Amino acid sequence: MTALDRPAVRTGSRARRTAPPARGGAGWASWRAVALVVGALVMLFPLYWMVVTAFSDQGALTSGPLRFFPENPTLDGFRRAFTLLPFGQFFLNSTAIALVAMALSVTLNLLAGYVLAKYRFRGQQVVFIMIVSTLMIPVQVVMVPQFQLVAGLGWINSYWAVIIPRAAEAFGIFLCRQFMLGIPDEVLEAARLDGAGHLRIFWSVVLPMSRPLIAVLVILTFMYRWNEFAWPLIVLNDQQLFTVPIGLSFLQGEYGTDYPALMGMALLSTLPVLVVFALFQRQFVEGVARSGLR
Amino acid sequence: MTTAAPAAVTAPVPREDPPRRRRVSRDSLAAWGLLSPNLLVFGVFLFLPLLATVWLSFYSSSGFGPREFVGTDNYTELFGDATFWRATANTFLYALLTVPVSLVIGLGIALAMNKPLRGRGVLRAIYYVPYVISGVVIAVAGRWIFNENVGVINRLLRSVGLDGVPWQSDAVGAMGSLVLISIWTKIGFVMVVYLAGLQSIPREYLEAAQTDGAGRWQRLRYVVVPLLKPTTIFLVVLGVIESFQVFDIVYVLTGGGPGNATEMLVTYAYAEGFDARRQGYAATIGVVTYLFIAVLTALWYRRQRAQEADL
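In this text the structure is predicted, and so the values were computed from the model without any measurement.

## Description of the nonpolar core
In step 1: Membership of the largest hydrophobic core comes to 154 residues, with the highest contact counts inside it found for A:Ile219, A:Ala266, B:Val140 and B:Met191.
In step 2: If you tally residues by element for this core, the top one is helix α6 (residues 87-118) of chain A, at 16 residues.
In step 3: Not counting the four nearest positions on each side in its chain, B:Val140 is found in contact with A:Leu248, A:Gln252, A:Leu262, A:Ala266 and B:Val252.

Following this line, the structure appears as structure tokens:
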């Protein structure tokens, strides 16, 4: 970009070597880098402080001078957390719910996005607008009737109560439709002429062309389901079924201020999302870009 | 899509029409079939509860025993309810503070990140990470970091001779901590979306502006920002919707307090519905919240369309 900033110097290497303006570009570039790094440190600080807290001794945190690394690093906080509440169980529960819900949601998202982008049928626009308009419904607001419905189905204290009502997901469908509008009709038509059926085309033609999209969906849905709090809190009353966020809120509520334990569990609970993000993040920006999220 | 139309227009023999229509109807059958699981879930678990919420807003119900039809009493009560107005003001304030600030910062980072830079992938990931962390984790960490007495921020402030900020006991402080934390979580998403938008701006536009003598700021002001407008519209609408639905962070960070200084529409609806067990009244708050969101979204879209028509 520094070369672009100074079109005049592009005329020859001699001119460039003697051109002082290039220094302005270099100065800008290094300020940019410094600003980005400082910003990144600010962004990281809360996480860093969680790490310091998790490995510290409870007493040393609140008294004495402020220390920016644990004086005697200890795992006691983690140990205490696991004895205060069955977090091992909570992690299993969260994992099961998040994986099943993610697989289900991503499949449904892709199907709906494909149909809305590539089929022509009466009522298509209406369906699309209705689906997108559900984004405006605050989930907590419809929770009372939702709860009564789920209770009527006998799903209270079952994972289906957490998974099924959230299986259809407007934002994911929106992303899929935008992305799949970019798949050329000719490719689908060719597959159709080869005798491929609807599901066959979807499976062997559309899905292989949608890998960045699937990466975005996997990150987002896993994250939504893993992080979800209010709805599981309402439909799961049996402690054995709790998810990690519910456990965290109880750890904070009932056991006062055991900050090392709380921060230790908070960090552990963030790891799976970070792993999923790290695995798929390369494709993430491409997927967002091609979903027309802009 | 568009290829279907020319095919129909150029079809020379009318005889081709009936089989074509048959294929279309078979297609639409398949379309509805493929859509049906989604439509079933949306219908049963979202639209039905939404209608039930509207219906419930005309009733008084504790969830146990019979519900009683009360007409528009809930709405009358709502308009005289100081907590409701406080929650409304708080929600608007929260949106007004978090959305523009996170957009400006996110755009700044995206602009700085949109050029080759060593370690760009790592930096991008760092800025994005807060967005993937759960609201509950953010809130429990926020309560610790913003703790008035032993939190790291106030201890840092005191160590340089300043007074600690009353993040928890004071209305302004509590809202301030909530807003700061929310901006921290939103920046990364804004950045990624703007980065995608920036990558779609043709290089020639910027080069042309440069040839015409436009400086860095002028290129940003007159080329980049206008071209990013669709991205900005999308982010504002999504940001406002998110702001009006904020729940987890508030519920765990402040519980709406101190007093009702950080009570939001959705946390208030939740408290009325599940703690006070006034389900009809909670539904009323919900209906009004939904209307706020719908009206704001519609107004924003109309304004943008009007502006585009002016151009």
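Having put the structure on the table, let's press on.
## Quick word on the UniProt feature "transmembrane region" (unreviewed entry) in chain B
In step 1: Sites flagged by UniProt as "transmembrane region" (unreviewed entry) map to residues 29-58, 92-113, 125-146, 171-198, 219-241 and 280-301 of chain B.
In step 2: A distance of 25 Å separates the end C-alpha atoms of residues 125-146 of chain B, which is 86% helix and 0% strand.

## Overview of the confidence of the model for chain B
Residues and elements named next belong to chain B.
In step 1: In the predicted model, chain B carries a mean pLDDT of 86, and the fraction of residues at 70 or more is 91%.
In step 2: Element-level pLDDT for chain B is lowest in helix α1 (residues 4-10), with a mean of 38, against a maximum mean of 95 in helix α4 (residues 82-113).
In step 3: Here residues 1-21 scores under 50 on pLDDT; set against residues more than four positions off or in separate chains, the count is four contacts.
In step 4: Interface confidence for the predicted complex, expressed as ipTM, amounts to 0.84; the pTM equals 0.85.

## A word on the UniProt feature "transmembrane region" (unreviewed entry) in chain A
Residue and element names in this part refer to chain A.
In step 1: According to UniProt, the positions carrying the feature "transmembrane region" (unreviewed entry) are residues 33-51, 90-114, 126-147, 159-180, 201-224 and 259-280.
In step 2: Secondary structure across residues 90-114 divides into 100% helix and 0% strand, with the first and last C-alpha atoms of the span separated by 35 Å.
In step 3: Along residues 259-280, the helical share is 100% and the strand share 0%, with 32 Å between the first and last C-alpha atoms.

## Some thoughts on the UniProt feature "domain: ABC transmembrane type-1" (unreviewed entry) in chain B
In step 1: The UniProt entry lists residues 88-300 of chain B under the feature "domain: ABC transmembrane type-1" (unreviewed entry), expressed in the numbering used here.
In step 2: With 77% helix and 0% strand, the stretch residues 88-300 of chain B has end C-alpha atoms that lie 19 Å from each other.

## As for the domain arrangement of chain A
Residues and elements named next belong to chain A.
In step 1: If you check the domain split of chain A, you get domain 1 (2-54) and domain 2 (77-290).
In step 2: Tallying the contact residues gives four residues for domain 1 and seven residues for domain 2.
In step 3: A class-by-class count of the residues in the side of domain 1 that touches domain 2 yields three nonpolar, one polar and no charged.

So, how was this worked out
- Residues numbered from 1 in each chain as written.
- Chains lettered and ligands numbered in written order.
- Predicted model: local features only at pLDDT ≥ 70, side-chain atom pairs only at ≥ 80, totals over all residues.
- Core = buried A, V, L, I, M, F, W, Y, C linked by C-beta atoms within 7 Å.
- Buried ≥ 20, exposed ≤ 12 C-beta atoms within 10 Å, placed from the backbone.
- Helix = DSSP H or I, 4+ residues; strand = E, 2+ residues; numbered from the N terminus.
- Contact = placed C-beta atoms within 7 Å.
- UniProt positions renumbered as here; feature names shortened; annotations may be inferred.
- pLDDT = per-residue confidence, 0-100.
- Domains from an automatic or database assignment.
- Nonpolar A, V, L, I, M, F, W, Y, C, P; charged D, E, K, R; others polar.

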